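# Chain and residue survey
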Amino acid sequence: MGMTMTQKILAAHAGLDHVEAGQLIEARLDLVLGNDVTTPPAIDVFAKTCACGVFDKSRVAIVPDHFTPNKDIKSADNCKKIREFAREKGIENYYEIGDPQMGVEHVILPENGLVAPGDAIIGADSHTCTYGALGAFATGVGSTDLACAMATGQTWFRVPEAIRFDLTGKFRENVTGKDLILWIIGKIGVDGALYESMEFTGPGVADLSMADRLTICNMAIEAGGKNGIFPVDERTLEYIRTFAPDRYAASSYTAFSADADAEYVSTYQIDLADVPLTVSFPHLPENTHTVGTFEPIEIDQVVIGSCTNGRLEDLREAARFFAGRTVKKGVRCIILPGSQRVWNEALAEGLLKIFVDAHCVVSASTCGPCLGGHMGILAKGERCVSTTNRNFVGRMGHPESEVYLAGVPVAVASAILGRIAGPDEL
Amino acid sequence: MIAKGKVFKYGDNVDTDVIIPARYLNTSVPSELAKHCMEDIDTTFVSRVQPGDILVAGKNFGCGSSREHAPIAIKASGISCVIAPSFARIFYRNAINMGLAILESTEAAEAIQNGDEVSIDFETGTITDVTTGASFQAKPFPAFIRKIIEADGLVGYIATQK
Ligand code: SF4
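Residues numbered from 1 in each chain as written. Chains lettered and ligands numbered in written order. Predicted model: local features only at pLDDT ≥ 70, side-chain atom pairs only at ≥ 80, totals over all residues. Heavy atoms only, no water.

In this section: the packing of helix H5 (residues 143–152) of chain A against helix H8 (residues 154–161) of chain B. The interhelical angle for the contact between H5(A) and H8(B), taken along N-to-C directions, is 10 degrees, at an axis separation of 10 Å. Here H5(A) lies roughly parallel to H8(B), going by the angle between them. Our pair here, H5(A) against H8(B), has a crossing hand that is left-handed. Taking contact as the criterion, the partners of Thr144(A), Asp145(A), Cys148(A) and Thr152(A) in H5(A) are, on H8(B), Leu154(B), Val155(B) and Ile158(B). By residue class, the composition of the contact of H5(A) with H8(B) is four nonpolar, two polar and one charged. (Axes fitted to C-alpha atoms, helices over the stretch in contact; angles between N-to-C directions. Helix = DSSP H or I, 4+ residues; strand = E, 2+ residues; numbered from the N terminus. Parallel < 35°, antiparallel > 145°, perpendicular 65-115°, else oblique. Left-handed = near helix turned anticlockwise from the far one by under 90°. Contact = heavy atoms within 4.5 Å. Nonpolar A, V, L, I, M, F, W, Y, C, P; charged D, E, K, R; others polar.)

So, in structure tokens, the structure goes:
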């Protein structure tokens, strides 16, 4: 029996020639990630492991991005704790706010060259699955796993089964990777990929930008998936040549591809031209609707950013629609570039000026309102269109507020028109 | 390693809120959590469960939040193993990391009845319903997972590796 991409990466990291779905293995890790929410409890567990230091100072990343710049005393205490831990243990990839390499964890790790094809990565954050876009195996875990992995550089996995998404064709105009992943979740449900890898293959992949692939893998967890993964192609290599030049030059990465006889629990054939502009209604990502098929829904706020859609490509797309237009009076539009690098490039390209002229507020590179932390919390009864990844009850504020998930073109059109709308209505 | 005990049987999709309701999450002391384990679906569980007893349930056991308190509560209540056709992914990880044995077997989960006496050999993965005489084969744990469970969880295991 052949292996899937994910199974091959896991086998290689477990020192085995072959693994099969359901098998429990112990694997070596290339990178271990924690943030300002999950690292503080992990530090307490780490103390109990009796380890004096982390397994490899260059392979641990700690990113204070959720409640930073610190929103209250408790978050300031948490950030102080992880800052001191990082200093004491000599962790090389600790990013302080304002650092040119700082930003939302899943935006900056690939940008900072910490991810390459064939890597095995865990992070104490459920959206760690984002890095599958680069042909890596990456999945989210809890704080105990983070602590033990920081100590040993290893963890255990149950080798997942896989679902294959065979992509052909090209998107219609203004349809994005976000629409594709929302549409898929709408079809298979929030537990449609429980335990499983979501492997994206087929000729349609070549046309997807790296930003789209990162967005798609980011939301694998919203279908219950263990990881999402793309094959490595020219675009992937171009990406790591840009962002991980040392590893590219040293060829210290491995492009795994699935065997022809790899086993999949199911295979979906998707013509990208069939994917519509999609919005997930409250309060589950699977609650999808096609733009233009529902009664007008008036909104109070739009959020553009997060680890799902806070990359430079997303901001360019937003600026394309905002240029010469303004946010509807009575609606607030908050833009959070995903990293300092994105912020700076958006500044250099004149995108931020377009946003400000369009009456948007441009915020710091932080998670902020995505998880209802700060910088854009919703009041009772308010509605928000957001490019983030979760619309659970109370995710962005009051339990009686509502979050509608969408891609950037729909979010911008909605901000301009004051109701959920597609860009063709502009 | 052998577990033996009486079976408590529940249905599909037992979620982490049922295993340990959020209102008790202001502590992470195992014995405190154990006092409220399963109380929203079975108020008698806590008073009846004996050390070594076995929990048998339907599919997707442990779905919901990533709280590590759920496997801690089950383990501290005295349960030696949970048998189900499938487990929610994060619960599965957390259970092993907290040293709670779990086995996947659709046949065993269906056939074993509430109150049966069951014994489990973790080395071979054999589940025996002592009451009916039927036996079932689950995939045994590899040695390192057995060691994690024997060491009372991942933290203990790592300490033994030093
Ligand atoms: S941007 Fe949102 S989803 Fe992404 S890491 Fe931050 S809180 Fe989590």
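What follows covers the site of the ligand. Residues and elements named next belong to chain A. Residues in close proximity to the ligand total 13 residues, the closest being His127, Cys307, Cys367, Cys370 and Asn389. Counting only elements with at least two residues in the shell around the ligand, the list comes to helix H4 (105–111) and helix H10 (306–309). Residue-level mapping places the shell around the ligand at the junction of two domains, with at least three residues from each of domain 1 (5–270) and domain 2 (278–425). (Near = heavy atom within 4 Å. Domains from an automatic or database assignment.)

With that out of the way, let us pick up the interface of chain B and chain A. At the junction of the two partners, chain B supplies 23 residues and chain A supplies 28 residues. Where chain B abuts chain A, roughly 2200 Å² becomes buried across the two surfaces, and 61% of that area is made up of carbon and sulfur atoms. Three residues, Arg89(B), Arg93(B) and Val155(B), lead the burial of chain B against chain A; their summed loss comes to 33% of the area buried on that side. Summed over the shared surface of chain B and chain A, the result is two salt bridges. The shortest N-O distance in the salt bridge between Arg93(B) and Asp145(A) comes to 2.9 Å. Joining chain B to chain A, the criterion identifies 11 residue pairs in polar contact (both at pLDDT 80 or more). Every element with two or more residues in the side of chain B that touches chain A is listed here: helix H5 (89–97), helix H7 (143–150) and H8 of chain B. (Buried area = accessible area lost by both parts, 1.4 Å probe. Salt bridge = Lys/Arg side-chain N within 4 Å of Asp/Glu carboxyl O. Polar contact = N/O pair within 3.5 Å; in protein donor to acceptor, adjacent residues only side chain to side chain.)

This part covers the sheet that holds strand S9 (residues 197–201) of chain A. Residues and elements named next belong to chain A. Pairing is parallel across the open sheet formed by four strands, whose spatial order is S10-S9-S8-S11. Strand pairing shows two members of the sheet lacking a second neighbour, strand S10 (227–229) and strand S11 (266–271), which therefore form its edges. Strand-to-strand, the axes of this sheet are offset by a mean angle of 20 degrees, without reference to chain direction. Pairing of strand S8 (residues 162–168) with S11 involves six bridges; the strand directions are parallel. Within S11, the residue paired with arginine 164 across the bridge is threonine 267. (Pairing = 2+ DSSP bridges.)

In short, the description is geometric, and any link to function would need to be established separately.
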